[in-house]
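Spelled out from the first residue to the last, the chains are:
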Amino acid sequence: MSQSLSGQLVNLLAAFLLLLAFEMLSQRRILTLIRLLAWQGAALAASTLIVAYSTGQTHLYFSAVLTLVLKVILIPWVLHRLIDQLHVRWDVETLINIPTTMLIGIGLVIFAFALAAPISEMASTITRSTLGIALASVLLSFLTMIVRRKAVPQVIGFLAMENGLFFAATSATYGMPLVVELGVALDVLVGTFIFGIFFFHIREQFDSLDIRHMEKLKED
Amino acid sequence: MSVAAESAFQILQSAFVVLAAPLLMGWVNMCRAWLQNRSAPSILLPYFTIGKLFHKDAVIAARASPLFRLTPYVLFGCMWLAGGIVPVLAVDLPFAPTADIIALVGVFALARVFSALAAMDIGTSFGGLGARREMLIGFLAEPAMLMTLFTAAFISGSTQLTTIVVSLAHREFAIYPSLAFAAVAFAMVLLAENARIPVDNPTTHLELTMVHEAMILEYSARHLALIEWAAAIKLFAYATIGIALFAPWGIADGGNWAALPVAVGALALKLFLFGAGLALLETLLAKLRLFLVPEFLSGAFLLAVLGMLTHFLVRG
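Throughout this document, residue positions are counted from 1 along each chain, in the order its sequence is written. Whichever chain is written first is A, and whichever ligand is written first is 1; the rest continue in order. Selection of residues for local features in this predicted model requires a pLDDT of at least 70, selection of side-chain atom pairs for listing and counting requires 80 or more, and totals for whole chains, interfaces and linings are taken over all residues. The basis for every side-chain value is the complete set of non-hydrogen atoms in the structure, without hydrogens or water.

Draft legend 1. Layout of the overall build of chain B. Numbering of helices and strands runs from the N terminus; a helix is a DSSP stretch of H or I covering at least four residues, while a strand is a stretch of E covering at least two. Counting secondary structure elements, chain B contains 11 helices and 2 strands. Atoms counted for the radius of gyration: C-alpha only. Globule rule: 2.2 Å times residue count to the power 0.38. Relative to a compact globule of 316 residues, whose C-alpha radius of gyration would be 20 Å, chain B shows 19 Å and is just as compact. The principal-axis extents of the C-alpha atoms in chain B amount to approximately 60 × 45 × 40 Å. Scored against the burial criterion, the 316 residues of chain B give a buried share of 55%. When contacts within chain B are restricted to residue pairs at least 6 apart in sequence, those whose partners lie at least 24 apart make up 82%. Approximately 13,300 Å² of chain B is accessible, and the part contributed by carbon and sulfur atoms is 69%. The positive count covers Lys and Arg only, the negative count covers Asp and Glu only, and His and the chain ends enter neither. Charged groups are reduced to one reference atom each: NZ for lysine, CZ for arginine, CG for aspartic acid, CD for glutamic acid. Placing the 17 positive and 17 negative side-chain charges of chain B at their respective mean positions leaves the two points 7 Å apart. The buried label goes to any residue with under 20% of its type's maximum accessible area, the exposed label to any with over 50%, and the partly exposed label to all in between, with areas taken from a 1.4 Å probe on protein chains only. The contact definition used throughout considers only heavy atoms, calling two residues in contact when any of these lie within 4.5 Å. Throughout, the Shrake-Rupley method with a 1.4 Å probe supplies accessible areas, and for residues the shown protein chains are the sole cover considered.

Draft legend 2. Highlighting unusual backbone geometry. All names here are of chain B. Notably, Asn37 is not glycine yet its phi reads approximately 60°, a positive angle. Structurally, the position occupied by Asn37 is in the loop between helix H1 (3-35) and helix H2 (45-54). Of note, the phi angle at Ala221 is positive, near 50°, even though the residue is not glycine. Structurally, Ala221 is set in helix H9 (residues 221-246).

Draft legend 3. Representation of the interface of chain A and chain B within the structure. Each side of the interface is counted separately: chain A has 20 residues, and chain B has 18 residues. Accessible surface is computed with a 1.4 Å probe, and the buried area is the amount of it that two parts give up when combined, taken over both parts together. Taken over both partners, the interface formed by chain A and chain B buries close to 1,800 Å², and the fraction arising from carbon and sulfur atoms is 81%. Salt bridges are defined as contacts in which a side-chain nitrogen from Lys or Arg sits within 4 Å of a carboxyl oxygen from Asp or Glu. Inspection of the region where chain A meets chain B yields 0 salt bridges. By the criterion applied in these results, polar contacts are pairs of N or O atoms within 3.5 Å in which, for protein atoms, one can donate a hydrogen and the other can accept it, and in which residues neighboring in sequence qualify only through two side-chain atoms. Remark: the boundary between chain A and chain B carries 0 residue pairs in polar contact (both at pLDDT 80 or more). Among the elements of the structure, helix H1 (3-26), helix H4 (98-122) and helix H5 (131-147) of chain A are those that each provide at least two residues to the side of chain A that touches chain B.

Draft legend 4. The arrangement of the packing of aromatic side chains in detail. A pair of Phe, Tyr and Trp rings is counted when the ring centres sit within 6.5 Å of each other, with Trp represented by its six-membered ring. The angle between the planes then sorts it: under 30 degrees is stacked, over 60 is edge-to-face, the rest tilted. Per the counting criterion, the structure on display carries 12 aromatic pairs over all chains. On the basis of an interplanar angle of 15° and a centroid distance of 4.8 Å, the ring pair of Trp27(B) and Phe272(B) is categorised as stacked. Of this pair, Trp27(B) sits in helix H1 while Phe272(B) sits in helix H10 (residues 260-284), placing them 245 residues apart in sequence. An aromatic cluster is present here, built from Phe54(B), Phe76(B), Trp80(B) and Trp229(B) joined pairwise through their rings. The rule is short: NZ of Lys or CZ of Arg within 6 Å of the ring centre and within 35 degrees of the ring normal puts a charge over the ring. The cationic tip of Lys71(A) hangs over the ring face of Phe166(A); the distance from NZ or CZ to the ring centre is 4.5 Å.

Draft legend 5. Highlighting a nonpolar patch on the surface. Residues and elements named next belong to chain B. Like-charged residues within 9 Å of one another, or nonpolar side chains (Val, Leu, Ile, Met, Phe, Trp, Tyr) within 5 Å, are grouped into patches, provided each residue has over 30% relative accessible area and no salt bridge. Residues Leu35, Leu280, Leu281, Leu284 and Leu285 make up a contiguous nonpolar surface patch of roughly 440 Å² in combined accessible area. Relative to the helices and strands, Leu284 is located in helix H10. Relative accessible area serves as the criterion here: at 65%, Leu284 is assigned to the exposed category.

Draft legend 6. Focus on the pattern of salt bridges. Residue and element names in this part refer to chain B. Here the structure, examined in full by the defined rule, presents 7 salt bridges over all chains. Taking the shortest distance from any N to any O, the salt bridge between Glu134 and Arg112 comes out at 3.7 Å. Here the residue Glu134 occupies a position in helix H5 (residues 125-156), and Arg112 occupies one in helix H4 (residues 101-122), the gap between them amounting to 22 residues. Residues Glu193 and Arg112 are paired through a salt bridge, measuring 2.5 Å at the closest nitrogen-oxygen approach. Separated by 81 residues along the polypeptide, Glu193 in helix H7 (residues 177-193) and Arg112 in helix H4 bring together distant segments of the chain. Grouping residues by exposure puts Glu193 and Arg112 together as buried. Ionic contacts of the salt-bridge type, sharing partners, join the residues Arg112, Glu134, Glu142, Glu193 and Lys234 into one network.

Draft legend 7. Molecular detail of the packing of H5(B) against H9(B). Residue and element names in this part refer to chain B. In this analysis an axis means a line fitted to C-alpha atoms, helices contributing only their contacting stretch, and an angle means the value between N-to-C directions, from 0 to 180 degrees. At a minimum axis separation of 10 Å, H5 and H9 run at an interaxial angle of 30°. When the axis of H5 is compared with that of H9, the two are roughly parallel. The two elements H5 and H9 cross, and the hand of that crossing is left-handed. Residues Met145, Thr148, Leu149 and Ala152 of H5 lie in contact with H9, whose contacting residues are Tyr238, Ile241, Leu245 and Phe246. Taken together, the residues that form the contact of H5 with H9 break down as 7 nonpolar, 1 polar and no charged. For classification purposes, angles smaller than 35 degrees are called roughly parallel, those larger than 145 roughly antiparallel, those between 65 and 115 roughly perpendicular, and all remaining angles oblique. Each crossing is labelled by how the near helix is turned from the far one, with a counterclockwise turn of less than a right angle marking it left-handed and a clockwise turn marking it right-handed. In this classification, the charged set is Asp, Glu, Lys and Arg, the nonpolar set is Ala, Val, Leu, Ile, Met, Phe, Trp, Tyr, Cys and Pro, and all remaining amino acids, among them Gly, are polar.

Draft legend 8. Geometry of H7(B). All names here are of chain B. With 17 residues, H7 ought to run about 24 Å at 1.5 Å a step, and its terminal C-alpha atoms sit 24 Å apart, in line with that. Extensive coverage of H7 is indicated by the burial of 13 of its 17 residues. Phi turns positive, to about 55°, at Ala195, one or two residues after H7. Expected helix span is given by 1.5 Å per residue-to-residue step, counting one fewer step than there are residues.

Draft legend 9. Structural view of the layout of surface pockets. Here a cavity denotes grid points, spaced 1 Å and computed from the protein atoms alone, that fit a 1.4 Å probe unable to get out, and a pocket denotes an open set having protein on both sides within 12 Å along at least 5 of 7 lines; residues with an atom within 4 Å of a point are the lining. Grid points are joined across faces, edges and corners, and a volume is the space filled by probe spheres set on the points. Estimates place the volume of the largest pocket at around 1,400 Å³. When residues of the lining of the largest pocket are traced back to their parent elements, those giving at least two are H1 and helix H2 (30-55) of chain A together with H7, H10 and helix H11 (293-313) of chain B. The element contributing the most residues to the lining of the largest pocket is H1(A), with 6 residues. Of the residues belonging to the lining of the largest pocket, the class tally is 23 nonpolar, 4 polar and 6 charged. By volume, the second largest pocket is sized at about 1,000 Å³. Considering the residues around the second largest pocket, the lining is formed by 45 residues, among which Met25(B), Pro202(B), Glu213(B), Glu228(B) and Ala231(B) are closest to the centre. Listed by contribution, the elements that provide at least two residues to the lining of the second largest pocket are H1, H2, helix H3 (66-85), H4, H5, H7, helix H8 (212-215) and H9 of chain B. It is H9(B) that provides the largest number of residues to the lining of the second largest pocket, a total of 8 residues. Its residues assigned to classes, the lining of the second largest pocket comprises 26 nonpolar, 9 polar and 10 charged.

Interpretation in functional terms is not warranted from these geometric data alone.
Structural data, given as structure tokens:
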């Protein structure tokens, strides 16, 4: 695989990642959100694999496999079990209506691209042009977290943000050292489990996963 | 290449578009029937329908203005013009420099305005309803369409469709993420503009869902035949614009007769795949509620804008 072709493939996967971030922003159903998260993980694993192959960085192979196992199989499975037990398959409520959210999203993408452009000019890695996309998907996941009312979609937004950060690390510096990556992966997994426990506690307390109830905590 | 040969090519291409368009429609309907476990009608059914309609006597409402009679011919003429501008079989045709992609969108808009006016002309409630819905969809779809075309224009540095095709067909193989975005956006616009399923159901006569059908309810016989034919040509034109922008391989040069069989073969293969894909998409998707259509089309617009932004970011 030539350098330019692999660069183009990484660019394409980056664009796919951005597209998925937008899809998540516009989704109304939790099940689809989880599926999109899994797809995002798959795109991430594929792009890491391509970067590993084309630059000969062997530790990236491990992180690609780690991403595949963790983000495509394990976390979506845990989330599926969670929403089955909580019976919240369908409810995603947004604070702002979806077309407005999308327009704000476009603004964020323009901001991220403008921010990343001077950095990309100086970088020398084959993935340099994807830094803006990585930044944009982090910001979009952030927006997903902000505009959702329920706890589960917010957590999915958080996980998507982690995906974006991971991609930024791959595109900027060909990934973090393996020890750091292992640590982060474990943290995310444990975080998901803890979130699961939180969900049950929130529901027990308020009979719903709507986090607006938490704002009233002081008054009672 | 001599002017005569190029002109002959142009005439051949225009005739080809007009004659082959119902075949594409028939193929889409056939695929859709198969996918829905029905036995498929003949692929030639659109031709039979058009022929049958031409043999009937036209009934026109008593209060209809000349505009009502004129509209089918305008629609047909606009679509034919579009079919002449788009590089279907060959680039560098004498007709192509007369209009670029922006003018092409304008031609489609002209047809839409006329059909909406004719729908309101009779004064039935269905006509007004259909016209309003059509204008809603049209004004949302048009910016998305323009943005999509601009993305391709930025890559090749020209708004002339032939120049775009030449520069995209003769480059070395490269993956453009921006073109991928633009292609998805274009597919969404195509579905909306041609009254296909997520936006409009072309086979229904239900008041709640119909858009295009509501506008042409008052038409009969040869007028209806022309409108149906124009719809088929529109689908064909959109398909070939898509092919020209995103898969332009195998297209012939103007007046080059030797390359014609290859061009026809490549086009037939691409349209074969396009029709099957469209039918699959229509089977998989559900009809959207009308109030969700703006969301669908704003999604298309967003994708087109993203495509343009990625083009500027991922140039290197």
